[in-house]
Amino acid sequence: MMAKQMRLDRFLAEMGQGTRSGVREQIRKGRVTVNGSLEKKPERKIEAGKDRIVLDGREISYVCLEYYMLNKPAGVLSATEDKKREAVVDLIKEKSRKDLFPVGRLDLDTEGLLLITNDGELAHQLLAPKNHVDKVYYARCKGRPDEEAIRQFEAGFVLPDGLSCLPAGLKVLDSKDLPEGDEAGLEGTVSEVLITLREGKYHQVKRMMESAGCPVLYLKRLSMGPIRLDPALKPGEYRPLTEEEVELLKKR
């Protein structure tokens, strides 16, 4: 990794050791050494990735880019932070950087794959509508989508509320008739489906399924481009992406 020249206080702040004002105070109090020598000047230029920075006896390694796969649980907000609710970035406990963000959004009650990174260029490539990155969702819905709904999804259509949808995939996996009082009081037909989108507009899956007469009961994202949710991850769990997974995302 090529060394990057930057101020000492910026380095410590970017590595999650506090706010810029907070790390300046730590430096001035003599809690930081650079290459074994005490350093009390926050403006000191260092070579991140080359110089050895130690804070309170702990070496602070430089990490430029981070990539995580999160199995987002329901009830957690797809955001970097929020004053009232827990945000997805809060779940990444071992992060080195403080500038992580989710690549796109999942609804509050939606579960599944969410990529967390600080790589803005990669995020743009994955989210740009012109790139048509496939996103696959598993859903349970009321009713059973008919052949006409499947054809509409494949052709692309405009919803009654005005949302214009690109061609998408809709595959029925299973349907069953529930007796009265089953599954939290539901009755009638409940289906399991896979939906493949190449865009990610506001509540799009739910709005499309509602238009098909099959409102969504449960929604989970399974994949984004070449990356599939690791089945070993329970809701709320995460892991770093492998080097191979990062390369797959960049090459797609």
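Residues numbered from 1 in each chain as written. Predicted model: local features only at pLDDT ≥ 70, side-chain atom pairs only at ≥ 80, totals over all residues. Heavy atoms only, no water.

### Side note on empty space enclosed by the protein
At step 1: Counting across every chain of the model gives one cavity of 30 Å³ or more.
At step 2: One number sums up the size of the largest cavity: a volume of about 50 Å³.
At step 3: Breaking the lining of the largest cavity down by element, the ones donating at least two residues are β7 (67–72), β9 (111–117) and α3 (120–127).
At step 4: Considering each element in turn, the lining of the largest cavity owes the most residues, three residues, to β9. (1 Å grid on protein atoms, 1.4 Å probe; cavity = no way out; pocket = protein on both sides within 12 Å on 5 of 7 lines; lining within 4 Å. Points joined across faces, edges and corners; volume = space filled by probe spheres on them. Helix = DSSP H or I, 4+ residues; strand = E, 2+ residues; numbered from the N terminus.)

### Considerations on helix α7 (residues 243–251)
At step 1: By the burial criterion, the buried members of α7 are Glu245, Val246 and Leu249. Along the axis of α7, the buried residues cluster in a sector spanning 100°; they form a single face. α7 presents Glu243, Glu244 and Lys251 as exposed residues on the side facing more than 90 degrees away from its buried surface.
At step 2: As for α7, its buried residues are in contact with β7, β9, α3, β15 (216–224), β16 (227–228) and β17 (238–240). (Buried < 20%, exposed > 50% of the residue type's maximum accessible area, 1.4 Å probe, protein only. Arc of directions from axis to C-beta. Contact = heavy atoms within 4.5 Å.)

### Considerations on the pattern of salt bridges
For side chains of opposite charge, pairing can occur when their charged atoms come near one another.
At step 1: As enumerated under the stated definition, the model contains 18 salt bridges in all.
At step 2: The partner of Lys201 in a salt bridge is Glu199, and the shortest N-O contact between them spans 3.5 Å.
At step 3: Among the residues examined, Lys201 registers a relative accessible area of 35% and is labelled partly exposed.
At step 4: Overall, the relative accessible area of 9% leaves Glu199 in the buried class.
At step 5: Each of Arg7, Asp9, Arg20 and Arg24 takes part in a single network of salt bridges with overlapping partners. (Salt bridge = Lys/Arg side-chain N within 4 Å of Asp/Glu carboxyl O.)

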